[in-house]
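Architecture and fold: a report
The chain contents come next:
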Amino acid sequence: MKKYQLGEFEEVVLLTVGVLYDEAYGVSIKKEIEARLNRKVSVGALQTALKRMEDKGYLKSREGEATEERAGRPKKYFQITALGKRAMEYTKSTRDELWSAIPKVALNLKFG
């Protein structure tokens, strides 16, 4: 079923935009993912994911004020759209259903 398509990295980015709420821009999203997941994120991969999710209608962006620190360029802030929230809910419920369907014995593996 392709009702809502979210890849694993897209899901992480979308959740992180939600965590950061009004402070979600490229660098803050990258730092938050790296800190929370102990995972390196390339700027290119992040920008590609953000653009793709804007194209899908899951995110919208707005420009902040230009700053000297950024050589006059404004930060681009991201916000989850209503469609993005539905995609997140769908993804979560799908995963929850799968997790709850796994027999306990299947997760009680012994190694060695």
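Everything here concerns the structure above.
Let us look at the structure shown here.

What counts and how
- Residues numbered from 1 in each chain as written.
- Predicted model: local features only at pLDDT ≥ 70, side-chain atom pairs only at ≥ 80, totals over all residues.
- Heavy atoms only, no water.
- Patch = residues over 30% accessible without salt bridge, like charges linked within 9 Å, V, L, I, M, F, W, Y side chains within 5 Å.
- Areas by Shrake-Rupley, 256 points an atom, 1.4 Å probe, with all protein chains shown as cover.
- Salt bridge = Lys/Arg side-chain N within 4 Å of Asp/Glu carboxyl O.
- Helix = DSSP H or I, 4+ residues; strand = E, 2+ residues; numbered from the N terminus.
- Buried < 20%, exposed > 50% of the residue type's maximum accessible area, 1.4 Å probe, protein only.
- Expected span 1.5 Å × (residues − 1).
- Arc of directions from axis to C-beta.
- Contact = heavy atoms within 4.5 Å.
- Phe/Tyr/Trp six-rings, centres within 6.5 Å; stacked < 30°, edge-to-face > 60°.

With that settled, the discussion passes to a nonpolar patch on the surface. Judged by side-chain polarity, W99, I102 and L107 come together as a nonpolar surface patch covering roughly 330 Å² of accessible area. Its place among the elements puts L107 in helix 5 (residues 104-107). Overall, L107 belongs to the exposed group, its relative accessible area being 51%.

Glancing now at the pattern of salt bridges. In total, this model carries 9 salt bridges according to the counting rule given. Residue K30 pairs with E34 through a salt bridge whose shortest N-O separation is 2.8 Å. One end of the pair is K30 and the other is E34, both in helix 2 (residues 26-37) and 4 residues apart, which spans about a single turn. Since its relative accessible area comes to 22%, K30 is described here as partly exposed. For the salt bridge of E32 with R36, the shortest nitrogen-to-oxygen distance reads 2.5 Å. With a gap of 4 residues between them, E32 and R36 both fall in helix 2, about one helical turn apart.

Below, the discussion takes up helix 3 (residues 43-56). Between its first and last C-alpha, helix 3 extends 20 Å over 14 residues, near the 20 Å set by a 1.5 Å rise per residue. Within the span of helix 3, buried status applies to L46, A49, L50 and M53. Burial along helix 3 is one-sided: seen end-on, the buried residues are contained in an arc of 100 degrees. Contacts from the buried residues of helix 3 go to helix 1 (8-20), helix 2, strand 1 (59-66) and strand 2 (74-80). At the C-terminal side of helix 3, G57 shows a positive phi close to 90 degrees.

The next thing to look at is the side chain of T16. As for its placement among the helices and strands, T16 is situated in helix 1. Non-local contacts of T16, meaning those with residues more than four positions away in its chain, are made with I29, E32 and I33.

In this section: the packing of aromatic side chains. For the coordinates displayed, the defined rule picks out 2 aromatic pairs. Taking 5.5 Å as the distance between ring centres and 50 degrees as the angle between the ring planes, the aromatic pair formed by Y4 and Y90 counts as tilted. Of this pair, Y4 sits in the segment before helix 1 while Y90 sits in helix 4 (residues 82-101), and the two are 86 residues apart along the sequence. Of the residues examined, Y4 reaches a relative accessible area of 14% and is grouped as buried. On the numbers, 5.5 Å between centres and 70 degrees between planes, the contact of Y25 with Y77 is edge-to-face. With Y25 in the loop between helix 1 and helix 2 and Y77 in strand 2, the pair connects residues that are 52 residues apart, well separated along the chain. According to the relative accessible area criterion, Y25 is buried, its value standing at 17%.

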